[in-house]
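Residue-level structural notes
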Amino acid sequence: MANTSPASVIAPSTRTVIIGVDDSCFSEYAFNSAMLTDPGVVHELVKEEEIRTRQLVHKYSEKMKQFGLGGKMKQMTGKVGESIIETSRAEHADLIIVGTRGMSKVRRTFLGSVSDYLVHHANVPVLVCRHKEFDAQHDRVHHHHHHR
């Protein structure tokens, strides 16, 4: 009988995985998915994400056509803010327009905000569009109102 410690048995297949979480259902889904060790399941998740990405590109390509806009959709990887800045420079953009999720100051401090990043790092104007209904709902839930 060989004398093997559990570490020597586990070590060849051990990987360090970082799972970013917050209090959203998306983080819970990601965490639960990470706990699945079947590579087939991971492959399926990647395929699902590719389908969602294609659907998103199609949706906004169609919206651009409906509004009679020329242009192109571009799929990017990496840090969102940095990718948008890089693309705006490569495409010689005159303006960047983004939405905001209306995170609290604390969440923005810890998680960062793409719109904040863009406002501080872009070399062109950035228009940040707030969703009034979402803001009103967020204020009611958190029982404090921002003075605008």
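Computed from a predicted structure; not experimentally measured.

For the rest of this paragraph, the subject is the overall build of the chain. Across its full length, the chain carries seven helices and two strands. Each helix and strand of the chain, ordered N terminal to C terminal, gives the series α-α-α-α-β-α-α-β-α. Buried residues in the chain amount to 15% of all 148 residues. Summed over its atoms, the accessible surface of the chain is roughly 12600 Å², and 59% of this surface lies on carbon and sulfur atoms.

What follows deals with unusual backbone geometry. The phi torsion at His-92 lies on the positive side, around 55°, for a residue other than glycine. Along the polypeptide, His-92 turns up in the loop between helix H4 (80-90) and strand S1 (96-99).

Attention now moves to the packing of H4 against helix H6 (residues 114-121). If you want to describe how two helices pack, look at the angle between their axes and the distance between the axes. Where H4 meets H6, the axes come as close as 9 Å, and the angle between the chain directions of the two elements is 40°. Between H4 and H6, the angle falls in the class oblique. Considering how the two elements wind past one another, H4 and H6 form a crossing that is right-handed. Residues Val-80, Gly-81, Glu-82, Ile-84, Ile-85 and Arg-89 of H4 pack against Val-114, Tyr-117, Leu-118 and His-121 of H6. The residue makeup of the contact of H4 with H6, split by class, is six nonpolar, two polar and two charged.

Quick look at a nonpolar patch on the surface now. Taken together, the side chains of Leu-56, Tyr-60 and Met-73 make up a nonpolar region of the molecular surface, amounting to roughly 260 Å² of accessible area. Position of Leu-56 relative to the elements: it lies in helix H3 (residues 39-66).

This part covers the pairing of S1. On S1, burial follows the alternation: Ile-96 and Val-98 on one face are buried, whereas Ile-97 and Gly-99 on the facing-out side are not. Both S1 and strand S2 (residues 126-129) contribute to a ladder of four bridges, which runs parallel. Residue pairing in the sheet places Ile-96 in a bridge with Val-126 of S2.

Attention now moves to the pattern of salt bridges. Evaluation of the coordinates by the stated rule reveals four salt bridges. When the shortest N-O distance is used, the salt bridge between Lys-65 and Glu-62 registers 3.4 Å. Of this pair, Lys-65 and Glu-62 are both found in helix H3, three residues apart, which corresponds to roughly one turn of the helix. Look at Glu-62 and you get partly exposed, because its relative accessible area is 29%. For Glu-91, the salt bridge is made with Lys-72, and the minimal N-O distance between the two is 3.3 Å. Of this pair, Glu-91 sits in the loop between H4 and S1 while Lys-72 sits in the loop between H3 and H4, and the two are 19 residues apart along the sequence.

Within the largest apolar cluster, seven residues are counted, these being Ile-84, Ile-85, Ile-96, Val-98, Leu-118, Ala-122 and Val-124. The set of elements that each furnish at least two residues to this core consists of H4 and S1. Setting aside residues no more than four positions away along its own chain, Val-124 makes contact with Ala-93, Asp-94, Leu-95 and Ile-96.

For H4, the set of buried residues is Gly-81, Ser-83, Ile-84, Ile-85, Thr-87 and Ser-88. Buried-residue contacts for H4 involve S1 and H6.

Here the focus is the confidence of the model for the chain. Scored by pLDDT, the chain has a mean of 74; 63% of the residues are at 70 or more. When mean pLDDT is compared element by element in the chain, H4 scores highest at 91, while helix H1 (residues 6-10) scores lowest at 41. Counting interchain partners and residues more than four positions distant, the pLDDT-below-50 stretch residues 1-13 has one contact. Predicted confidence for residues 143-148 stays below pLDDT 50, and this span has six contacts to residues more than four positions away or in other chains.

The rules behind the values
Residues numbered from 1 in each chain as written. Predicted model: local features only at pLDDT ≥ 70, side-chain atom pairs only at ≥ 80, totals over all residues. Heavy atoms only, no water. Helix = DSSP H or I, 4+ residues; strand = E, 2+ residues; numbered from the N terminus. Buried < 20%, exposed > 50% of the residue type's maximum accessible area, 1.4 Å probe, protein only. Areas by Shrake-Rupley, 256 points an atom, 1.4 Å probe, with all protein chains shown as cover. Axes fitted to C-alpha atoms, helices over the stretch in contact; angles between N-to-C directions. Parallel < 35°, antiparallel > 145°, perpendicular 65-115°, else oblique. Left-handed = near helix turned anticlockwise from the far one by under 90°. Contact = heavy atoms within 4.5 Å. Nonpolar A, V, L, I, M, F, W, Y, C, P; charged D, E, K, R; others polar. Patch = residues over 30% accessible without salt bridge, like charges linked within 9 Å, V, L, I, M, F, W, Y side chains within 5 Å. Salt bridge = Lys/Arg side-chain N within 4 Å of Asp/Glu carboxyl O. Pairing = 2+ DSSP bridges. Core = buried A, V, L, I, M, F, W, Y, C linked by side-chain atoms within 4.5 Å. pLDDT = per-residue confidence, 0-100.

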